[in-house]
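Chain residues, written in single-letter form:
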Amino acid sequence: MSEEVQRYGGGGGGGGGGVAALSLDLLGQVLDRVREPRDRKACRLVSRAFARAEAAHRRALRVLRREPLARLLRAFRALERLDLSACASLDDASLAAALSGADLAGVRRVCLARASGVGWRGLDALVAACPRLEAVDLSHCVGAGDREAAALAAATGLRELSLEKCLGVTDMGLAKVVVGCPRLEKLSLKWCREISDIGIDLLSKKCHELRSLDISYLKVGNESLRSISSLEKLEELAMVCCSCIDDDGLELLGKGSNSLQSVDVSRCDHVTSQGLASLIDGHHFLQKLNAADSLHEMRQSFLSNLAKLKDTLTVLRLDGLEVSSSFLLAIGGCNNLVEIGLSKCNGVTDEGISSLVTQCSHLRVIDLTCCNLLTNNALDSIAENCKMVEHLRLESCSSISEKGLEQIATSCPNLKEIDLTDCGVNDAALQHLAKCSELLVLKLGLCSSISDKGLAFISSSCGKLIELDLYRCNSITDDGLAALANGCKKIKMLNLCYCNKITDSGLGHLGSLEELTNLELRCLVRITGIGISSVAIGCKNLIEIDLKRCYSVDDAGLWALARYALNLRQLTISYCQVTGLGLCHLLSSLRCLQDVKMVHLSWVSIEGFEMALRAACGRLKKLKMLSGLKSVLSPELLQMLQACGCRIRWVNKPLVYKD
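Throughout this description, residue numbers start from 1 for each chain and increase along the sequence as written. Owing to the predicted nature of the model, reporting of local features is limited to residues with pLDDT of at least 70; listing and counting of side-chain atom pairs is limited to 80 or more, with chain, interface and lining totals taken over all residues. Excluding hydrogens and water, the side-chain figures rest on all heavy atoms present in the structure.

Regarding unusual backbone geometry
Phi angles above zero are rare outside glycine, and tyrosine 217 is one such case at about 70°. Non-glycine residue arginine 549 carries a positive phi angle of around 65°. The way it works is that DSSP assigns letters per residue, a run of H or I at least four long becomes a helix, a run of E at least two long becomes a strand, and they are numbered from the N terminus. Within the secondary structure layout, arginine 549 lies in the loop between strand S20 (544-546) and helix H24 (555-564).

So, the side chain of glutamate 390
As for its position among the elements, glutamate 390 is in the loop between helix H17 (376-385) and strand S14 (391-393). For every residue, the accessible area (1.4 Å probe, protein chains only) is compared with the maximum for its type, and the residue is labelled buried under 20%, exposed over 50%, or partly exposed between those bounds. On the basis of relative accessibility, which here comes to 17%, the residue glutamate 390 falls in the buried class. Note on contacts: a residue pair qualifies if any of its non-hydrogen atoms lie within 4.5 Å across the two residues. When neighbours within four sequence positions are excluded, glutamate 390 is seen to be in contact with Arg364, Asn414, Leu415, Lys416 and Glu417.

Comments concerning the domain arrangement of the chain
For each domain, the first and last residues come from an automatic or database assignment. In terms of domain boundaries, the chain breaks down into domain 1 (55-195) and domain 2 (545-658). Its C-alpha centre places domain 1 at a distance of 29 Å from the equivalent point of domain 2. The interface of domain 1 with domain 2 comprises 13 residues on the first partner and 12 residues on the second. Carbon and sulfur atoms supply 50% of the area buried between domain 1 and domain 2, which totals about 1000 Å² over both sides. Buried area is a sum: the accessible area each of two parts loses on coming together, probed at 1.4 Å, counted once for each and added. Of all residues in domain 1, the largest losses of buried area upon contact with domain 2 belong to Arg65, Ala88 and Ser89, amounting jointly to 37% of the total for that side. A side-chain nitrogen of Lys or Arg and a carboxyl oxygen of Asp or Glu constitute a salt bridge if their distance falls within 4 Å. At the boundary of domain 1 and domain 2, one finds 0 salt bridges. For this analysis, a polar contact is any N or O atom pair within 3.5 Å, provided that within protein one partner can donate a hydrogen and the other can accept it, and provided that sequence-adjacent residues contribute only side-chain to side-chain pairs. The tally of links between domain 1 and domain 2 comes to 2 residue pairs in polar contact (both at pLDDT 80 or more).

Comments concerning the environment of isoleucine 648
Here isoleucine 648 shows up in strand S24 (residues 647-651). Owing to a relative accessible area of 24%, isoleucine 648 belongs among the partly exposed residues under this scheme. Along the sequence, isoleucine 648 and glycine 145 sit 503 residues apart, while their C-alpha atoms lie 20 Å from each other.

Digging into helix H9 (residues 171-180)
With 7 of 10 residues buried, H9 is to be regarded as a mostly interior element. Regarding H9, the residues found buried are Asp171, Gly173, Leu174, Ala175, Val177, Val178 and Gly180. At its buried positions, H9 is contacted by helix H8 (146-152), strand S5 (160-162), strand S6 (186-188) and helix H10 (197-206).

Quick look at the nonpolar core
We define a nonpolar core as any set of buried Ala, Val, Leu, Ile, Met, Phe, Trp, Tyr and Cys residues linked to one another through side-chain atoms lying within 4.5 Å. Membership of the largest hydrophobic core comes to 204 residues, with the highest contact counts inside it found for Met239 and Leu521. The residues that make up this core include at least three from each of domain 1 (55-195) and domain 2 (545-658). Look past the residues within four positions of methionine 239 in its chain and what remains in contact with it is Ile215, Ser216, Leu225, Ile245, Leu250, Leu253, Val263, Asp264, Val265, Ser266 and Cys268.

Re the packing of helix H16 (residues 350-359) against H17
Packing of H16 against H17 brings their axes to within 8 Å, and their N-to-C directions diverge by 5°. If you check the angle between H16 and H17, you find them roughly parallel. Contacts between H16 and H17 involve Asp350, Ile353, Ser354, Val357 and Thr358 on the former and, on the latter, Asn377, Ala378, Ser381, Ile382 and Asn385. Side-chain classes follow a simple rule in which Ala, Val, Leu, Ile, Met, Phe, Trp, Tyr, Cys and Pro form the nonpolar group, Asp, Glu, Lys and Arg form the charged group, and the remainder, Gly included, forms the polar group. For the contact of H16 with H17, the residue count by class is 4 nonpolar, 5 polar and 1 charged. Think of each axis as a best-fit line through the C-alpha atoms, taken over the contacting stretch in the case of a helix, with angles from 0 to 180 degrees between the N-to-C directions. The cut-offs work like this: below 35 degrees is roughly parallel, past 145 is roughly antiparallel, 65 to 115 is roughly perpendicular, and the gaps in between are oblique.

Digging into the state of the cysteines
In plain terms, two cysteine sulfur atoms within 2.5 Å form what is called a disulfide here. By the definition in use, this model includes 0 disulfides. Cysteine 166 forms no disulfide, and the closest cysteine sulfur to it belongs to cysteine 192, at a distance of 5.6 Å. Taking relative accessible area as the criterion, cysteine 166 reaches 0% and is therefore assigned buried. Left unpaired, cysteine 268 is separated from the closest cysteine sulfur, that of cysteine 242, by 5.3 Å.

Quick notes on the UniProt feature "domain: F-box/LRR-repeat protein 15-like leucin rich repeat" (unreviewed entry) in the chain
Residues given the UniProt feature "domain: F-box/LRR-repeat protein 15-like leucin rich repeat" (unreviewed entry) here are residues 206-288 and 410-619. With 31% helix and 12% strand, the stretch residues 206-288 has end C-alpha atoms that lie 26 Å from each other. For the annotated span residues 410-619, helix accounts for 37% and strand for 11% of the residues, and the straight-line distance between the end C-alpha atoms is 50 Å. UniProt positions are given in the numbering used here, feature names are shortened, and annotations may be inferred rather than shown by experiment.

Notes on the environment of serine 437
One can find serine 437 in the loop between helix H19 (427-433) and strand S16 (441-443). Once the C-alpha coordinates of serine 437 and glycine 608 are considered, the two residues, 171 residues apart in sequence, prove to be 50 Å apart. In this view, serine 437 contacts Ser461 and Lys464; residues no more than four positions away in its chain are not counted.

With respect to the packing of aromatic side chains
The aromatic pairing rule takes the rings of Phe, Tyr and Trp, using the six-membered ring of Trp, and pairs them if the centres are within 6.5 Å, calling planes under 30 degrees apart stacked, those over 60 edge-to-face and the rest tilted. Using the criterion set out here, one finds 2 aromatic pairs in the structure. For a Lys NZ or an Arg CZ to count as sitting over a ring, it must be within 6 Å of the ring centre and within 35 degrees of the ring normal. Over the aromatic face of phenylalanine 76 sits the side chain of arginine 58, whose NZ or CZ is 5.1 Å from the ring centroid. Positioned over the ring face of tryptophan 191 is lysine 165, at 5.4 Å from the centre of the ring.

Comments concerning the pattern of salt bridges
Under the counting rule described, the total for this entry stands at 27 salt bridges. In this structure, aspartate 83 and arginine 62 form a salt bridge, with 3.3 Å as the shortest nitrogen-oxygen distance. Pair noted here: aspartate 83 is in strand S2 (residues 81-83) and arginine 62 is in strand S1 (residues 60-62), with a separation of 21 residues, a long-range link. Arginine 62 gets classed as partly exposed once you look at its relative accessible area, which sits at 42%. Residue glutamate 185 is joined to arginine 159 by a salt bridge in which the shortest nitrogen-to-oxygen separation is 3.0 Å. With glutamate 185 in the loop between H9 and S6 and arginine 159 in the loop between H8 and S5, the pair connects residues that are 26 residues apart, well separated along the chain. What makes arginine 159 partly exposed here is its relative accessible area of 28%.

Points about the environment of serine 116
Structurally, serine 116 is set in the loop between strand S3 (109-111) and helix H7 (120-129). For the pair serine 116 and leucine 379, spaced 263 residues apart in sequence, the C-alpha to C-alpha distance is 47 Å. In this structure serine 116 touches Cys141, Lys621, Cys644 and Gly645, once residues within four positions along its chain are discounted. Polar side-chain contacts of serine 116 include one of 3.5 Å to the side chain of lysine 621.

Right, dumping it as structure tokens:
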């Protein structure tokens, strides 16, 4: 690209021809059509005109390290969306300093998910710097509480707010938000377990524009549903695992004045089909209903009311329910369904699936996980009637074979995902699935009959594949990985756990997968630091790698990760042969690393752990270590980690040291 741009005058700062002669607006429109981040970067590097155009035109920015944040915020003046969720070690001081002097008047959306180092002072600075702020994501900032909520309340134009798993937020903090931000349209309070019916009642009285609300895992009861029922514009309500809500609450909701289109009551133990019938009775325009793992029996009143949704219902999840063929026939009356969830439903048979799909020909997502009575006849019915199906989940449907999959592959050209985990399929099945050129996700875990030959079939035709699960497919060898790397260049997620025939040579092939982000290599006993080096050097976008029980991986592998895997955020090195020196170098070098699991590192001394953790303190968000270290590491270090928002999971196993 560099030679071509320079040929037309784009490489220099002067000159009146070529790229440099085009307006910034036109160059910005060109950059908008360049989809790959690496290609955009190449444009910036070879042409200062493109660099200036992007600075003036770029709307979204995702920052991985805090050091360049201030410079980037000053460089890109047209930002509307700012993602700081992966910005390791971001804290109040660094955020406030980066915001100071930057022109962020156009910023409307900010993501601070998992940025647990940011507190109320940082949020104060953010709200002051972004006067047009409309959406903030503070999810999984477990230390956030009422003071942080109060800081966000100053953003009076806020329309979307996620406080998911902000464990310190109480009714008081919620009150600050709803009084300060009455125009809220979307709010997630999932896992904010200190919020009660009182907070939900105030929310319902103040935020009349609310359209989407998530109160999952809260200890609220039916009184909250009474309050919520008055929200006239509410369209989406999620209340997963709200154990204090029962049929009386759903009846109150059903009599309300809102405009519900989507309701999720999955894992609500005290909800029955009678309560759902009451809910449906008052909302004839429901489009999505999720009652997974809630219902134990199905009453006729529910089926009768379900028929009222035949023209509107598009998504229905009833996972874990006892069903029958007649029940599935009745569900088929909702013939506009595009998604059906029957995972772990007892009683699902070929006859029942046939009666369902004969009526519901628009289905695109079919989840039949653990419906182990199904045979190839069910697949034949799906193939004949649901030719537009895109996602088919068949985990543990052990009676299906390559014959049924041949029909699916032939009749369903839009198939994008298929889960065949623990189905016992073989290479012949993969030969048929290779016809599905649109396939993006393929899960083959525990299919021990899959070999390199089957991988070659997939690699030859499924070039769009981005996720492949080969967990415990122990017939796969280095040759299979060579075929995979040659044909499936877009793979981002790859699971090779317990594929114990793979060696460093196979990992050398994986080094050509430049888009790989997640790699699971657990218990590959033949790989060493040499193979890890190949992956680290070639896969520059690596975000997560699992090396648990890769007993021969040593410091050489860690040094390679430290030097090349600069975007790595999650690492599992339990049971590896690494030393304190390698661990310290790794944790001090990787500025994006946030989650480390390091159990049974027998070659690492107490001093090694101490130095390594001090080197990474401020960036780490999650740690998993042996509980024996709790009493020997310095209390000051543990307090410092906790103060920086790091959560430590202690594993109750004895410490073991190697001489």
